[in-house]
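# A structural walkthrough
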Amino acid sequence: MAHILKTSWALLLGLCLLMIGNGMQGTLLGIRGEIESFSTLQMSFVISSYFVGFLGGSLVAPRMIRRVGHVRVFSALASLISAAMIFFPTVVDPVAWMLARILIGFCFSAVYVTAESWLNNEATNETRGQALSLYMVVQTSGVVIAQALLLTADPSGYVLFVIPCILVSVAITPILLSISPTPAFETTKPMSLRALFGYSPLGCVGMFLLGGVFAAQFGMAAVYGTQVGLSVPQISAFVSAFFIGAIVLQFPIGWISDRVDRRKLVIVVCCVGVLGALIGTFSGTSFALVTLSAFVLGGASTPLYSLLIAHTNDFLFSEDMAAAAGGLIFLNGLGAIAGPLITGYAMEFIGPIGFFVFSGVLIGLIAIYGVYRSTQREAIPTEDTGSYVAVVPVFRPVAMEVAQEIASEDARDDSSV
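Everything in this summary refers to the structure shown in the same document. Since this is a predicted model, take the numbers as computed values, not measurements.

On to the overall build of the protein chain. Regarding its fold elements, the protein chain presents 14 helices and 0 strands. Secondary structure elements of the protein chain, listed N to C terminal, follow the sequence α-α-α-α-α-α-α-α-α-α-α-α-α-α. Here the protein chain, with 417 residues, has 58% of them falling under the buried criterion. Sequence separation of 24 or more characterises 87% of the internal contacts of the protein chain that already satisfy a separation of 6 or more. Taken as a whole, the protein chain presents about 15600 Å² of accessible surface, with 67% of it coming from carbon and sulfur.

Below, the discussion takes up the side chain of S109. Mapping S109 onto the fold places it in helix α4 (residues 94–122). Judged by relative accessible area, S109 falls into the buried class, the value being 0%. Polar side-chain contacts of S109 include one of 2.9 Å to the backbone oxygen of F54.

Moving on to the packing of aromatic side chains. Within a pair of aromatic rings, the relevant descriptors are the distance that separates the centres and the angle that separates the planes. What the rule picks out here adds up to 18 aromatic pairs. Relative to F242, the ring of F238 lies with its centre 5.3 Å away and its plane at 70°, an arrangement referred to as edge-to-face. Residue F238 and its partner F242 are both found in helix α9 (residues 232–257); the two are separated by 4 residues, about one turn of the helix. By relative accessible area, which is 0% here, F238 ends up buried. Across the ring face of F315, the terminal group of R377 is positioned such that the distance to the ring centre comes to 3.7 Å.

With that out of the way, let us pick up the pattern of salt bridges. Under the criterion given, the structure shown has 3 salt bridges. Here D314 ties to R262 by a salt bridge, and the two come within 2.9 Å at their closest N and O atoms. Here D314, found in the loop between α11 (287–313) and α12 (321–350), pairs with R262, found in helix α10 (residues 262–281); they are 52 residues apart in sequence, far enough to count as distant. One exposure class covers both D314 and R262, and it is buried.

Here is what the cut-offs are and how they apply
Residues numbered from 1 in each chain as written. Predicted model: local features only at pLDDT ≥ 70, side-chain atom pairs only at ≥ 80, totals over all residues. Heavy atoms only, no water. Helix = DSSP H or I, 4+ residues; strand = E, 2+ residues; numbered from the N terminus. Buried < 20%, exposed > 50% of the residue type's maximum accessible area, 1.4 Å probe, protein only. Contact = heavy atoms within 4.5 Å. Areas by Shrake-Rupley, 256 points an atom, 1.4 Å probe, with all protein chains shown as cover. Polar contact = N/O pair within 3.5 Å; in protein donor to acceptor, adjacent residues only side chain to side chain. Phe/Tyr/Trp six-rings, centres within 6.5 Å; stacked < 30°, edge-to-face > 60°. Lys NZ or Arg CZ within 6 Å of the ring centre and 35° of its normal. Salt bridge = Lys/Arg side-chain N within 4 Å of Asp/Glu carboxyl O.

Purely geometric numbers; function is a separate question.
If you want it as structure tokens, here you go:
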């Protein structure tokens, strides 16, 4: 761990600043949209637009990096992010915001791919697992810190848009001045979705449905908060609770997953997530219950992401695990695009509780499908399953492939014992 911090502190610091900036603008737009009298449906399109760009960036970034190099891609796209963030309070129009969000999503996705490849290059075979864990903690912590910074100024002004703009600009400096020579960029050719579904139907369906849950948490949570009359500090705490829950419960669930039938654990974790959604649905005006709901829902959904990947890996040959990463990310991205749109419609027609109802329904569908799949195929003996590797939904292809490679190496080690 000390070696990773010594060689990659600048990169991790820069990534943290990027994530703070991203987390601020995501929540801030939900609050500012209410101030500007945007409808719930309009905000759902604005939120969804980010994930359109994010998915596009994942697909295009590798070609951009190969063509012009890491440094140019990183610098150019980070500059575009700064410009787009200051655009929001300048042009207050839902269509303009949608276009800016597509650009920001595309740029952030490509920047993450670039940074992940750098981090992977800095790590050795012995420290890649530690590097991945640090990366996950930095990403999640950045979002939580971002919520606290929302309390530093009035959301109806310019200052809260200027802060993430500055953070993103500053994030470039330590990375570009401290990183060693840029590595060659290579990613594994993705496995076809048909082949991936054949290996793990539950993994594919679950990743798609989870995309909608994560997108709602990342974008529509602030919209929900404004609709039920939460103050800015309360919205900040509410959004933070999703990510704090993810940090607290990720590793305990991972420990359990290596010791039981993962399909049963998927079902149990989904039931916990549904419980969290039910608490939010019937919380009324209780801020304490709403925050508890967010903690439980976030604490279930993020580990579920890692759990579904581990379950998928159980049915793959070790050499195919990295190739499967691209398909899993793509399915999750498709779900993320649809998630805010459907959440927006639900909140428009049944009220703010549509936010929790939608998440609860999606997680419940994963549980139901998990029960069905349990009747279609025998469980793999626990001693023959691979290792659980903690990952978060913001990972892009490079980090996901690293996680898959770690799982693959663990699988080969286990088979040789």
